[in-house]
Amino acid sequence: MATHMPTGMEHHPDIVELREHYERVTSTPRAQGVEALAVLAGLFLATSPWIVGFTAFSTLTVTCLIVGLAYTALMAGYGSAYERTHARAWAAAALGVWTIISPWVVSGSVARGKNIITCVIVGAVMFLLGLAALSMATITANGAAMRLGRAGRAKG
């Protein structure tokens, strides 16, 4: 009688199928567009104090730089990490919300028109791109579950 050697979870047929489906989804023009726009949004936020001209607000300048670079790192190559895409997309959306409220939270009463407008617009774009990435992760998971016959099954 032959003994069955357990293989790692990464070789399980369901995981392999999910990984292959996710690779197909993330190679679409929509996914590549979301990733490219997200990287641009993050880089713009990181450099916006110098582009827009609000470097005098030092705490907001540092916040924009750090959050912009963090967002860029999260969203650059998110398609290559299918296991972590859901968490990355939520974190990216949260950074978008933080960017929207940061002029009031970080700078207090020194927030002015151009830095508020910049943070609100870029934060909203970052939030929406995070949601777009999240929807692709959800579509991927649901699509793989449907093909494997697990979606919509009644419990009980």
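Residue numbers restart at each chain and count upward from 1, following the sequence in its written direction. The predicted nature of this model means local features are confined to residues of pLDDT at least 70 and side-chain atom pairs, given and counted, to a pLDDT of 80 or more, with totals for whole chains, interfaces and linings taken over all residues. To obtain the side-chain values, all non-hydrogen atoms of the structure were used and water was disregarded.

- Per an unreviewed UniProt entry, the protein chain goes by the name SPW repeat protein and belongs to Kitasatospora cathayae.

Brief notes about the environment of Ala-124
No. 1: Each helix is a run of DSSP H or I of at least 4 residues and each strand a run of E of at least 2, with the numbering of both proceeding from the N terminus. For Ala-124, the position within the fold is in helix H5 (residues 113-147).
No. 2: Each residue's exposure class comes from its accessible area (1.4 Å probe, protein chains only) as a fraction of the maximum for that residue type: buried when under 20%, exposed when over 50%, partly exposed otherwise. Ala-124 gets classed as partly exposed once you look at its relative accessible area, which sits at 30%.
No. 3: For the pair formed by Ala-124 and Trp-98, sequence separation is 26 residues and the distance between their alpha carbons is 9.9 Å.

Concerning the UniProt feature "transmembrane region" (unreviewed entry) in the protein chain
No. 1: Under the local residue numbering, the UniProt record ascribes the feature "transmembrane region" (unreviewed entry) to residues 34-51, 57-78, 90-109 and 115-145.
No. 2: What you have in residues 34-51 is 100% helix and 0% strand, and the ends, taken at the C-alpha atoms, are 23 Å apart. UniProt positions are given in the numbering used here, feature names are shortened, and annotations may be inferred rather than shown by experiment.

Topic: the side chain of Thr-99
No. 1: Examined against the element boundaries, Thr-99 turns out to sit in helix H4 (residues 85-105).
No. 2: Residue Thr-99 is classed as buried on the basis of its relative accessible area, which comes to 2%.
No. 3: A distance of 2.8 Å separates a polar atom in the side chain of Thr-99 from the backbone oxygen of Leu-95.
No. 4: Whether two residues touch is decided by their heavy atoms; if any such pair falls within 4.5 Å, the residues are in contact. Filtering out sequence-adjacent residues up to four positions away, Thr-99 remains in contact with Leu-45, Val-67, Cys-119, Gly-123 and Met-126. Under the rule applied, a polar contact is a pair of N or O atoms within 3.5 Å (in protein, one hydrogen donor and one hydrogen acceptor; residues adjacent in sequence only if both atoms are side-chain atoms).

Remarks on the nonpolar core
No. 1: In plain words, nonpolar cores are sets of buried Ala, Val, Leu, Ile, Met, Phe, Trp, Tyr and Cys residues tied together by side-chain atoms within 4.5 Å. Counting residues in hydrophobic clusters, the biggest one holds 23 residues, and the most contacted among them are Tyr-71 and Met-126.
No. 2: Listed by contribution, the elements that provide at least two residues to this core are helix H2 (29-53), helix H3 (58-75), H4 and H5.
No. 3: With eight residues, the top contributor of residues to this core is H5.
No. 4: In contact with Met-126, not counting residues within four places along its chain, are Ala-41, Leu-45, Val-67, Tyr-71, Ala-92, Leu-95, Gly-96 and Thr-99.

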